[in-house]
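# Observations on the three-dimensional arrangement
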Amino acid sequence: MVPDNGRVPPVESAPATSPRPEIAAPKPGLAGTFAGGIRGPWWWLGLAGAMAGVVGALLWTGAAGVQQLGDPGAFTRWGLPVATTIHNLALATVVGSLVFAIVILPKDATARRPHSGKQKADSAKRHHVPEHPAFTRVMTLAAVAGGVWTLAAIAVLVLTYSSISGLSVSGSSEYTHQLVFYMTSLPVGQAWLMVVICAAVTTTLVFGLRNISALAVPLVVALLAFVPQALIGHSASSADHVGAVNSLFLHITGVSLWVGGVIVLVVVSGVLGKITAPTLQRFSTLAIFAFAGVAGSGIVNAAIRITNWHDLFYSSYGQLILAKSAATILLGVIGWMHRTWIIPRLAGGEKPATAARTRRLLWQLVFGELLIMGITSGLAVGLSRSAPPQSRELVQAALTPAQILTDYPLPPELTFSRWFTEWRMDWLWVAFALAAAAAYISGLIKLRRRGDKWSVLRSVSWFAGLVSLVYITSGGTAVYGQVLFSAHMVEHMSLMVIAPLFLALGSPVSLALQALTPRRDGSRGVREWILVLVHSRYSQLITHPLFAAANFAGSLVVFYYSPLFNLAMRYHVGHELMIVHFTLTGYIFIMSMIGSDPLPRRFPYPMRLLLLLATMAFHAFFGVSLMMATNLLSGEYFGNMGRPWGDSALVDQQTAGGIAWGVGEVPTLAIAMGVAYMWSKSDARETKRKDRAAVRNNYADLNAYNDMFAQLARRDATMDSAHSGPPLPHLHNSPAAPPASPSGTPSGSRSQPGSQGEKH
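Presented here is a report on the structure given in the accompanying data block.

## A short note on the overall build of the protein chain
When its secondary structure is counted, the protein chain shows 30 helices and 0 strands. Burial analysis of the protein chain (760 residues in total) assigns 44% to the buried set. Considering only residue pairs separated by 6 or more positions, the protein chain has 78% of its internal contacts joining residues 24 or more positions apart. With an accessible surface of roughly 38,600 Å², the protein chain has 66% of that area assigned to carbon and sulfur atoms.

So this is what it looks like as structure tokens:
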């Protein structure tokens, strides 16, 4: 089948020995069952393993025993962990299915390059291209899992209320009224109600969408469901609230991507065919980051709940953690076998008999992963229902004002050294920095192996930006930014102008476009998604220089003079969203000024300088307004901190105004110098380009320019001669007239061509 553009689609190269035959039918026995994939009846063993894991964990810790006060009944005590397990597996399946459909599997059965927006001719005919069987099965799996997720979320919502209230599930009007109050007024009920809404919206979108770009929307909605689960998780009530919530969010995200991906591989194993090797290779890359996130966040979360080695080895809670850790290590070993042994053999081409054995071993290992992950998921649910050996929850009776407002004790008085010695790790941004550094290093390694060069200054700038981002979100600025307006302003302005400045100069998009290999099978990898986003209408809007400048300057006023400021200070989610917004705002603005990554549009250098001057003036106006203000912004927060040291809240706010002015102006001035430097380099490059072009064409442009003026001079001379005419009679006797020659032409002048005195 020839595509619409008339080009022949790329054909996969055959092995050097002989074409690999398709396996017609599996051989009898367990080994033959996995020759062509994993059959449907074996899928359910993963769920059975999860049920066995959760039951074993509950029996081991005694979490399913009868409660002495307010026992909700056996149905709730056993039904809630089972419903939670089904909920977690269904959510992971939805996320894994959408990830496979969006970034791993090709949508069409016919291999072709992904078409851009300029290649939409004959689109009606393209719609009739049949879908790849793996893509169709993945979308069916996502729809079914979405329905199961929605029902399981409702069950968890109802059973959680039954467990908290100590009431058995009932259909009475009083029970229903209390359940509605629980869903709409209490934080735990509101969180699970949000999960139910996310599940229902995701399922509805999955049923109605088939476009790859549009499928990113239900994936984002599904990922948003992790936030309320992290906020109400088992570790969220500990003393280290921020560390517990962020590590739990990373843990849930990594587990869902990893477990969901393995479930999808099991379901589509029989229809992958020739795309088995690239599918495994792409998922293996994702699984590496998921494994690192799961392992790292699990260690952090366990360290928050387990305070000594004795509790880790001799308590039932610690023993479950050890069992989960052993299972995670075993899964990591299996993943290493896939990446270093199985995938290279499948991609390199083997003899038919060897290829069949490799495929059989592949699906046996994947099936083993499914069983281990099912059991581990059950252990995790049982662990969440069990009490830790030592509670580290905050005691409400002994809370100080600072603990009530920030969830942490008041730090010591701020000194210069404590800007660098006080730390409170924000594991979300630490994980982002580590992942971004690993991806950047991977790109550098690919370029070096290919023989391409990359600027050392760009690399240094990128890693400096990541280090500064970690310090801003976890160092002294973050610790004291929760209790001092001035320190918060240092954190805010650093997020807007310092970290983005280094990150933008690192040119990560350009590195990704050079290092990543374009795909030829119609699927969208990271490189294809970058190009889609860069050329999208949304990117054209937010990266437009005028919009970027207005957002960069106007966000300050909108944030600080609205309830958003108080929400960001009081709630963890609001604070993290503040970090995301202002970091991206500064990054996009600096990119439009001095960045080298591709953007839909950039202003000429004079206009960039004008925009920078405008933002500098606006920052100065904002800083002066804070310095002159007599009312306290977010007074219920900073005014009730109860600090025995430092300036008053109002004086500290006025100090913050000076910081906003100074910290905002100096980096902006540096950006302006960068724009001027790039302007001069651009002019120098243009001059050199013109000089080289002149040398190549033997100064043809300059010669043509001179010839043009010569022609104009000759034309003017001809016109003057034509309009002069013969001399008047009375001028012959004029003293100023030159004597006439015998031929009648004034002496001292040349004869014009064709005149009477010209000799032929």
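## Examining the nonpolar core
Formed by 83 residues in total, the largest nonpolar core has its most connected members in Val95, Phe100, Leu105, Trp149, Trp258, Phe283 and Val366. When neighbours within four sequence positions are excluded, Val95 is seen to be in contact with Leu219, Ala222, Leu223, Phe226 and Leu257. Within the second largest apolar cluster, 69 residues are counted, among which are Met493, Val497, Tyr560 and Leu633.

## Re the pattern of salt bridges
In the structure shown here, the tally under the stated rule is 4 salt bridges. With a shortest N-O distance of 3.8 Å, Glu131 and Lys107 are connected by a salt bridge. With a gap of 24 residues between them, Glu131 in the loop between helix H4 (123–126) and helix H5 (133–165) and Lys107 in the loop between helix H3 (74–104) and H4 connect regions that are remote in the sequence. Residue Arg450 is joined to Asp452 by a salt bridge in which the shortest nitrogen-to-oxygen separation is 2.9 Å. In the salt-bridge network here, residues are joined through shared partners; they are Lys107, Glu131 and Arg210.

## Describing a nonpolar patch on the surface
A cluster of nonpolar residues, Trp44, Leu47, Ile86, Val144 and Val148, forms a patch on the protein surface that exposes about 450 Å² of accessible area. Within the residue set of the nonpolar patch, elements represented by two or more residues are helix H2 (44–61) and H5. The topology assignment puts Ile86 in helix H3. With relative accessibility at 30%, the residue Ile86 sits in the partly exposed group.

## Overview of H3
The terminal C-alpha atoms of H3 lie 43 Å apart, and with 31 residues this matches the ideal 45 Å at 1.5 Å per residue to within 8%. Taken as a whole, H3 carries its principal kink of about 25 degrees at Leu80; the proline Pro81 stands between one and four residues after it. Buried residues dominate H3, accounting for 24 of its 31 residues.

## A look at the environment of Thr477
Considering the arrangement of structural elements, one finds Thr477 in helix H19 (residues 476–481). With 15 residues separating them along the chain, Thr477 and His492 place their C-alpha atoms 9.1 Å apart. If sequence neighbours within four positions are ignored, Thr477 has contacts with Trp419, Tyr471, Ile472, Ala487, Val490 and Glu491. A distance of 3.5 Å separates a polar side-chain atom of Thr477 from the backbone oxygen of Tyr471.

## Comments concerning the packing of H3 against H5
For the pair H3 and H5, interaxial distance at closest approach is 7 Å and the crossing angle is 150 degrees. Considered as vectors, H3 and H5 are oriented roughly antiparallel to each other. Crossing angle aside, the handedness with which H3 passes H5 is left-handed. Here the residues of the contact of H3 with H5 are counted per class, giving 22 nonpolar, 10 polar and no charged.

## Some words on helix H8 (residues 216–224)
Restricting attention to buried positions, one finds in H8 the residues Pro218, Leu219, Val221 and Ala222. Buried positions in H8, seen along its axis, are confined to an arc of 160 degrees and lie on one side of it. Where H8 is buried, its residues contact H3, H5, helix H7 (187–208) and helix H9 (226–231).

## A word on unusual backbone geometry
We note that Asp407 has phi near 70 degrees; this positive angle belongs to a residue other than glycine. Structurally, Asp407 can be placed in the loop between helix H15 (401–406) and helix H16 (418–421). Look at Asp407 and you get partly exposed, because its relative accessible area is 28%. For Ser634, which is not glycine, the phi torsion reads 50 degrees and is therefore positive.

The rules we used
Residues numbered from 1 in each chain as written. Predicted model: local features only at pLDDT ≥ 70, side-chain atom pairs only at ≥ 80, totals over all residues. Heavy atoms only, no water. Helix = DSSP H or I, 4+ residues; strand = E, 2+ residues; numbered from the N terminus. Buried < 20%, exposed > 50% of the residue type's maximum accessible area, 1.4 Å probe, protein only. Contact = heavy atoms within 4.5 Å. Areas by Shrake-Rupley, 256 points an atom, 1.4 Å probe, with all protein chains shown as cover. Core = buried A, V, L, I, M, F, W, Y, C linked by side-chain atoms within 4.5 Å. Salt bridge = Lys/Arg side-chain N within 4 Å of Asp/Glu carboxyl O. Patch = residues over 30% accessible without salt bridge, like charges linked within 9 Å, V, L, I, M, F, W, Y side chains within 5 Å. Expected span 1.5 Å × (residues − 1). Bend = angle between axes of the 7 residues up to and from the residue. Polar contact = N/O pair within 3.5 Å; in protein donor to acceptor, adjacent residues only side chain to side chain. Axes fitted to C-alpha atoms, helices over the stretch in contact; angles between N-to-C directions. Parallel < 35°, antiparallel > 145°, perpendicular 65-115°, else oblique. Left-handed = near helix turned anticlockwise from the far one by under 90°. Nonpolar A, V, L, I, M, F, W, Y, C, P; charged D, E, K, R; others polar. Arc of directions from axis to C-beta.

Spatial relationships are all this shows, so hold off on functional conclusions.
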